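What the coordinates show
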Amino acid sequence: MIKIDDWVIEKGEKAQGKIEITGCGMAMPATVICGVEDGPTILITAGVHSAEYVGIQAAMELAKEFQPEELKGNVIIVPLVNVSGFEHRTMSLVYEDGKNLNRVFPGDPEGTAADRIAYAIVTKLFSIADYYIDLHSGDGFEQLHPYVYYVGVVDEKTAEKSLHMARHIGVKYVVRSTTATGGAYNYASSLGIPSILIERGGHSYWTWEEVEQDKRDVRHLVFHLQGKKCHGLKHYRQMLLENVVYEYAPYTGCWYPSKKPGEYFFKGEDLGELRDYYGNLLYTSIATENGVVLYQTASLNIIEDGPMIAYAAITETLT
C-alpha cells in the first residue's frame, strides 16, 4: 500500500492523482502503481527543470505503461515536478519565484514556491522511497552527451548501490558527483536512498528515439531493482568520470565552443572563446585536465555567471 496525504493506493492497484504543495495552491501530477507482489518502492521524477522534455515525455509514457501485475513492489511517477515553469516556459526556474528548483533541496515549508515544492518531495515522496531515478536533459540553451550521475560522497552502502543503478543505464559515461546537497537526487542520496540522475537530450528539444532510450533504461532498472527478469538488460561498457569542472561565463557576450559534447581533449587545450559584440576576445576557456565534455552552452549568447561548459576526467573503465 502507498499513502500520500489522504490518497491511498492498495496492493495491485494503479491510480492517478495530484500531490499538493502545501501553502501555495500548487500540485504535481502523479501516477502510483502498486505491484501485486511485495518489493521496493521506486520513485521516478521528471520536469524538475521544466524545459527538459525528453524525461518528461518518457515519464508520462511509463506512467501509462507500467501495470501492477508486472511489478514486485511499487512505482511512483511524477512526470512534471515544476508545473508552473512548464506552463510559462521558464526553463530551469520556478515561475513564481525565479529559483532553480534543483538547487534548493531539502526545501522549506515556509519558503517561496520552489522551497515548498522541494519540501513536499522530501516529506511526501523521499520518506517512502527505497530508490530514486530523476530524469533530466540539457536546458534550452545547452547541448550534452548522454550520461548518468551518482553521488559518491555519501555513506559507502548508498554510494555503491547508486553506482550499481548507474551501471544499468545505457550510456557511455558514469559521472561521480561530490555534491550531496541542493539537488533532488543529491539530497535523496544523503538520506540513504540510492539515487541517480539520467541526462539525455537538450535545446528544449526532444525526439521519440531519445524518449524510447529513457524508457528502456528506466524500465530495465525498475525490473532489475525489483528482482524481475528483463529481456535485454545488461551491463554496458562505461567510463567512470570524476573531478567535474563546471565553468561559468566571466562576462556577458558571444560564446564560441571549440569542442562538442562527448569529445575528448587534453589539459591545456582551448575549449572555447567568449567575445564581445565587436568580436574582441574577452576570455578563453582552457582545460585544466584531460577529460571529456559533458555539456556546454549551445547558444551564441552567453550571460555573465551563467553556465558555459562542464567537463570531467576519465578515471576508470567499468567492465
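Look a little higher up for the structure.
Here we summarise the structure given alongside this text.

Rules used throughout
Residues numbered from 1 in each chain as written. Predicted model: local features only at pLDDT ≥ 70, side-chain atom pairs only at ≥ 80, totals over all residues. Heavy atoms only, no water. Helix = DSSP H or I, 4+ residues; strand = E, 2+ residues; numbered from the N terminus. Rg over C-alpha atoms; globule rule 2.2 N^0.38 Å. Buried < 20%, exposed > 50% of the residue type's maximum accessible area, 1.4 Å probe, protein only. Contact = heavy atoms within 4.5 Å. Areas by Shrake-Rupley, 256 points an atom, 1.4 Å probe, with all protein chains shown as cover. Lys, Arg positive; Asp, Glu negative; His and termini not counted. Charge placed at Lys NZ, Arg CZ, Asp CG, Glu CD. Pairing = 2+ DSSP bridges. Core = buried A, V, L, I, M, F, W, Y, C linked by side-chain atoms within 4.5 Å. Polar contact = N/O pair within 3.5 Å; in protein donor to acceptor, adjacent residues only side chain to side chain. Salt bridge = Lys/Arg side-chain N within 4 Å of Asp/Glu carboxyl O.

**Observations concerning the overall build of the protein chain**
Looking only at helices and strands, the protein chain has six helices and 19 strands in total. Against the 2.2 N^0.38 benchmark of 20 Å for 319 residues, the protein chain shows a C-alpha radius of gyration of 20 Å, consistent with a compact globule. Projecting the C-alpha coordinates of the protein chain onto the three principal axes gives extents of approximately 65 × 45 × 35 Å. Buried residues in the protein chain amount to 55% of all 319 residues. Counted over contacts in the protein chain with a minimum sequence separation of 6, partners at least 24 positions apart contribute 71%. Surface accessibility of the protein chain: about 13,700 Å² in total, with carbon and sulfur atoms responsible for 51%. The averaged location of the 42 negative side-chain charges in the protein chain is 7 Å from the averaged location of its 28 positive side-chain charges.

**Observations regarding the sheet that holds strand 18 (residues 301–302)**
Here we have four strands laid out as an open sheet, ordered 16-15-13-18, and antiparallel in their pairing. Edge positions in the sheet fall to strand 16 (281–286) and strand 18, since each of these pairs with one other strand and no more. Where strand 13 (residues 253–257) lies against strand 15 (residues 270–275), four bridges are found, and the strand directions are antiparallel. Note that in strand 15 the partner of Tyr-256 across the bridge is Glu-273.

**Looking at the pairing of strand 6 (residues 72–78)**
Most of strand 6 is tucked away, with six of its seven residues classed as buried. Where strand 4 (residues 26–34) meets strand 6, four bridges bridge the pair, whose relative direction is antiparallel. Paired with Cys-34 across the bridge in strand 6 is Asn-74. As judged from the six bridges shared by strand 5 (residues 37–46) and strand 6, these two strands associate in the parallel manner. Its bridge partner being in strand 6, Ile-44 is matched across the sheet by Ile-77.

**Focus on the nonpolar core**
Counting residues in each nonpolar core, the largest one holds 52 residues, and the members touching the most others are Leu-101, Phe-105, Ile-117 and Phe-126. Excluding residues that lie within four positions of it along the chain, Leu-101 makes contacts with Val-48, Val-81, Ser-92, Val-94, Ala-114, Ile-117, Ala-118 and Gly-182. The next biggest cluster of nonpolar side chains, apart from the first, holds 36 residues, and it includes Ile-42, Ala-51, Ile-56 and Ile-196.

**Regarding the side chain of Glu-142**
Inspection of the secondary structure puts Glu-142 in strand 8 (residues 142–144). There is a polar contact of 2.9 Å between the side chain of Glu-142 and the backbone nitrogen of Asp-139. Setting aside its immediate chain neighbours within four residues, Glu-142 contacts Gly-202, His-203, Tyr-295, Gln-296, Thr-297, Ala-298 and Pro-307.

**Some remarks on the pattern of salt bridges**
In the structure shown here, the tally under the stated rule is 14 salt bridges. Here Asp-217 ties to Arg-216 by a salt bridge, and the two come within 3.2 Å at their closest N and O atoms. Relative accessible area serves as the criterion here: at 1%, Asp-217 is assigned to the buried category. The exposure class of Arg-216 is partly exposed, given its relative accessible area of 30%. Here Lys-259 and Glu-269 are joined by a salt bridge, their closest N and O atoms 2.7 Å apart. With a gap of 10 residues between them, Lys-259 in the loop between strand 13 and strand 14 (264–265) and Glu-269 in the loop between strand 14 and strand 15 connect regions that are remote in the sequence.

The quantities given are spatial measurements derived from coordinates; they are silent on function.
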